[in-house]
Protein chains: 2
Amino acid sequence: MPGGRPRSFDADTALDRALEVFWRQGYEGTSLIDLTTAMGINKPSLYAAFGNKEELFGKVLARYLEGPGGYTSAALEAPTTREVVRLLVHGAVDLTTGQETAHGCLCVKSVQAGGPDAEPVRRDAVAARKAGEAALRRRLEQADDLPPGHEPADLAVLVHTVSDGIAVQAAAGRTREELTRVAESALHALFD
Amino acid sequence: MPGGRPRSFDADTALDRALEVFWRQGYEGTSLIDLTTAMGINKPSLYAAFGNKEELFGKVLARYLEGPGGYTSAALEAPTTREVVRLLVHGAVDLTTGQETAHGCLCVKSVQAGGPDAEPVRRDAVAARKAGEAALRRRLEQADDLPPGHEPADLAVLVHTVSDGIAVQAAAGRTREELTRVAESALHALFD
DNA sequence: GGGGTAATGTACCGATAGGTAAAAAACTTT
DNA sequence: AAAGTTTTTTACCTATCGGTACATTACCCC
């Protein structure tokens with residue numbers, strides 16, 4: 001059982017190229033030609049390696065969450081609640097205002113995709129968000145240093161909401177410096 | 001100089017129908033057939049009355065900002081800073097989780113539209129957001145009851161950011177009850 | 001009851017969307 | 001070197017996209 005013609009591209013770097021264009025243009029705003037051009041391959045190769053556009057997006061989203069979005073799970077291991085939240089909101093600023101990446105968050109962008117054929121993509125994004133929020137809630141439920149008057153579940157959603165807002169602001173053109181001040185203001189409001 | 005055949009539709013209600021579908025499906029996710037079907041007219045009538053898809057969206061966005069989005073300017077007239085912010089965040093919850101409207105915010109959705117041909121739409125949305133933020137900042141600059149340690153400009157952006165986050169959460173399926181708790185948590189963090 | 005005028009209905013346009021069939025090319029094994 | 005396997009290349013498919021030409025219809029004015 002031998003192997004045939006070898007691949008002319010690396011699957012992971014091709015996924016990274018696809019991530020760039022999906023991140024910048026969103027699922028609905030990205031065409032197959034955009035993808036194949038960015039990935040340096042042609043359509044049959046794309047389909048053979050990654051499935052159709054929808055499946056490719058699923059793989060790209062997973063790679064996004066584990067790569068650029070990996071700071072979220074790392075943040076949960078910080079010792080204090082304040083530090084956890086600080087890493088989350090500043091991480092959101094860094095992620096969404098990167099100099100070499102598109103501004104905004106792929107997951108936030110995707111959850112807003114409204115077209116009928118984008119619904120599976122939307123569901124993927126919603127599922128990823130739910131998982132992230134559940135992890136943060138569990139972390140906060142085990143904390144003993146919550147800000148006074150805040151329930152763990154509510155605080156988890158609030159922090160998530162601020163992160164989402166940061167992503168929207170970044171996509172709308174707000175600079176990293178401005179959003180860093182926003183993150184600091186949010187921390188000040190919550191913990192000082 | 002008489003008028004020819006009269007219109008068979010009311011322009012404002014047609015705009016409202018177009019608003020519904022743009023709100024639900026976004027600019028890129030909405031086709032002309034979606035629009036003409038919802039508006040009850042055919043394409044030549046649409047083009048004669050509203051211009052092309054892009055111009056139609058501009059008129060729809062203006063109508064959205066003055067109608068469902070009108071609570072933002074009304075909120076600025078509240079006597080206290082806390083009341084202004086309270087009206088803004090709870091207004092965002094009401095707007096984005098309406099029972100008879102799509103969940104999420106048209107303006108937030110549009111600012112995330114990434115396709116190349118959606119760029120003028122994105123600019124319209126960004127301009128509307130800038131105007132709203134400037135109005136809030138001016139209102140806060142004249143206040144003498146800001147929460148301690150917050151600058152007016154930073155607070156304006158933070159409140160806007162929380163509203164954006166609420167819109168994203170609503171689009172992702174969060175319920176009105178949950179988001180009401182988020183709004184209350186945000187107020188508590190800022191003012192209590 | 002005819003002009004003039006503006007909106008409607010129908011049918012169509014080129015371009016592009018996502019997706020695929022089939023043949024040529026590059027490798028491994030025997 | 002020949003058979004078998006898998007990828008690449010090229011060319012093409014149908015459906016739909018936003019947008020429009022043209023003839024028809026319904027109104028006002030005289």
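Position numbers for residues count from 1 along each chain, tracking the sequence in the order it is written. Chain letters start at A and ligand numbers start at 1, both assigned in the order the entries are written. Where totals are concerned, whole chains, interfaces and linings use all residues; where local detail is concerned, this predicted model gives features only for residues with pLDDT of at least 70, and gives and counts side-chain atom pairs only at 80 or more. The basis for every side-chain value is the complete set of heavy atoms in the structure, and neither hydrogens nor water enter the calculation.

1. Here we look at the packing of helix 6 (residues 81–96) of chain A against helix 8 (residues 119–141) of chain A
Residues and elements named next belong to chain A. Put simply, the rule is: Helix axes use the C-alpha atoms of the stretch in contact, all axes being lines fitted to C-alpha atoms, and the angles between their N-to-C directions lie in the range 0 to 180 degrees. Here a helix means four or more residues in a row that DSSP labels H or I, a strand means two or more in a row labelled E, and each is numbered from the N terminus. For classification, angles of less than 35 degrees are called roughly parallel, those exceeding 145 degrees roughly antiparallel, those between 65 and 115 degrees roughly perpendicular, and all remaining angles oblique. Each crossing gets its hand from how the near helix is turned against the far one by less than a right angle, where anticlockwise is left-handed and clockwise is right-handed. The criterion used for residue contact is that any of the two residues' heavy atoms lie within 4.5 Å.
Following both chains from N to C, one finds helix 6 and helix 8 inclined at 160°, their axes separated by 10 Å at the closest point. In terms of orientation, helix 6 lies roughly antiparallel with respect to helix 8. Note that helix 6 runs across helix 8; the crossing there is left-handed. On the side of helix 6, the interface is formed by Thr81, Val84 and Leu88, while helix 8 contributes Leu136, Arg139 and Leu140.

2. A word on the packing of aromatic side chains
Convention followed: Ring pairs are drawn from Phe, Tyr and Trp, using the six-membered ring of Trp, whenever the two centres fall within 6.5 Å, and their geometry is named by plane angle: stacked under 30 degrees, edge-to-face over 60, tilted for the rest. Burial classes follow relative accessibility: with a 1.4 Å probe on protein chains only, a residue under 20% of its type's maximum area counts as buried, one over 50% as exposed, and anything between as partly exposed.
By the definition in use, this model includes 10 aromatic pairs over all chains. Residues Phe22(A) and Tyr27(A) carry aromatic rings whose centres are separated by 6.0 Å and whose planes lie at 20° to one another, so their mutual orientation is stacked. Each member of the pair, Phe22(A) as well as Tyr27(A), carries the same accessibility label: buried. With a centroid separation of 5.1 Å and an interplanar angle of 80°, the aromatic rings of Trp23(B) and Tyr64(B) are classed as edge-to-face. Of the two residues, Trp23(B) sits in helix 1 (residues 11–25) while Tyr64(B) sits in helix 4 (residues 53–66), which places them 41 residues apart along the sequence. Take Trp23(B) and Tyr64(B): they sit in the same class, and that class is buried.

3. With respect to the relation of the copies chain B and chain A
Quick note on the threshold: Here the copies are matched by least squares. The fit uses the C-alpha atoms of residues with pLDDT of at least 70 in both.
You can overlay chain B on chain A at an RMSD of 0.0 Å; the transform is a turn of 180° with a shift of 0.0 Å along its axis. Classification of the inter-copy transformation places it as that of a two-fold axis. Looking at the rotation axis and the C-alpha trace of chain B, the residue lying nearest is Gly165(B), at 1.9 Å.

4. With respect to the protein's contact with DNA strand C
Stated precisely, the cut-off is as follows: Nearness here has a simple test: a residue counts as near a molecule or strand if at least one of its heavy atoms is within 4 Å of that partner. For this analysis, a polar contact is any N or O atom pair within 3.5 Å, provided that within protein one partner can donate a hydrogen and the other can accept it, and provided that sequence-adjacent residues contribute only side-chain to side-chain pairs.
The full set close to DNA strand C counts 24 residues, and Leu32(A), Lys43(A), Tyr47(A), Asn42(B) and Ser45(B) are the nearest of them. Taken together, the sugar and phosphate atoms account for 67% of what DNA strand C places within 4 Å of the protein. Here a base nitrogen of DNA strand C sits 3.4 Å away from a polar atom, N or O, in the side chain of Arg5(A). Taking Ser8(B), its side chain carries an N or O atom lying 2.9 Å from a phosphate oxygen of DNA strand C.

5. Comments concerning the interface of chain B and chain A
Bring the parts together and some accessible area is lost; that lost area is often taken as the interface size. The test is simple: When two components associate, each loses some accessible surface as probed by a 1.4 Å sphere; the sum of these losses over both components is called the buried area. One speaks of a salt bridge when a side-chain nitrogen belonging to Lys or Arg is within 4 Å of a carboxyl oxygen belonging to Asp or Glu.
At the interface, 40 residues of chain B touch 40 residues of chain A. Of the roughly 3,300 Å² buried at the junction of chain B and chain A (both faces included), carbon and sulfur atoms supply 56%. Summed over the three residues of chain B that lose the most area to chain A, namely Gln112(B), Thr161(B) and Val168(B), the buried surface amounts to 16% of that side. Here chain B and chain A share 4 salt bridges between them. Linking Glu133(B) and Arg174(A) is a salt bridge whose minimum nitrogen-to-oxygen distance equals 3.1 Å. Linking chain B with chain A are 10 residue pairs in polar contact (both at pLDDT 80 or more).

6. Points about the protein's contact with DNA strand D
For clarity, the threshold we go by: Gly is put with the polar residues, along with every residue not named as nonpolar or charged; the nonpolar set is Ala, Val, Leu, Ile, Met, Phe, Trp, Tyr, Cys and Pro, and the charged set is Asp, Glu, Lys and Arg.
Within the structure, DNA strand D sits among 24 residues, and Gly4(A), Ser8(A), Leu32(B), Lys43(B) and Tyr47(B) are positioned closest to it. In this structure, a phosphate oxygen belonging to DNA strand D sits 3.3 Å away from a main-chain N or O atom of Thr30(B). Top element by residues in the surface near DNA strand D is helix 3 (residues 43–50) of chain B. It accounts for 3 residues. Residues that form the surface near DNA strand D fall into these classes: 10 nonpolar, 9 polar and 5 charged.

7. Quick word on the domain arrangement of chain A
Residue and element names in this part refer to chain A. This is how the line gets drawn: These domain limits were set by an automatic method or by a database of domain assignments.
Assigned domains within chain A: domain 1 (11–64) and domain 2 (67–191). For domain 1 and domain 2, the distance between their C-alpha centroids amounts to 25 Å. Counting from both sides, the interface comprises 13 residues of domain 1 and, opposite them, 21 residues of domain 2. Both faces combined, the contact of domain 1 with domain 2 buries some 1,500 Å², and carbon together with sulfur accounts for 67% of it. On the surface where domain 1 and domain 2 come into contact, there are 0 salt bridges. The interface formed by domain 1 and domain 2 includes 8 residue pairs in polar contact (both at pLDDT 80 or more). Where the side of domain 1 that touches domain 2 is concerned, the elements lending two or more residues are helix 1 (11–25) and helix 4 (53–66). Ranked by the residues each element gives to the side of domain 1 that touches domain 2, the list is headed by helix 4, at 7 residues. In terms of residue class, the side of domain 1 that touches domain 2 is built from 8 nonpolar, 1 polar and 4 charged.

8. Points about the nonpolar core
The criterion, for reference: For the purposes of this section, nonpolar cores are sets of buried Ala, Val, Leu, Ile, Met, Phe, Trp, Tyr and Cys residues that join through side-chain atoms within 4.5 Å.
Core analysis: the largest hydrophobic core is formed by 68 residues, its most contacted members being Leu56(A) and Leu56(B). Counting residues in hydrophobic clusters, the runner-up holds 53 residues, among them Ala78(A), Ala183(A), Ala92(B) and Leu158(B).

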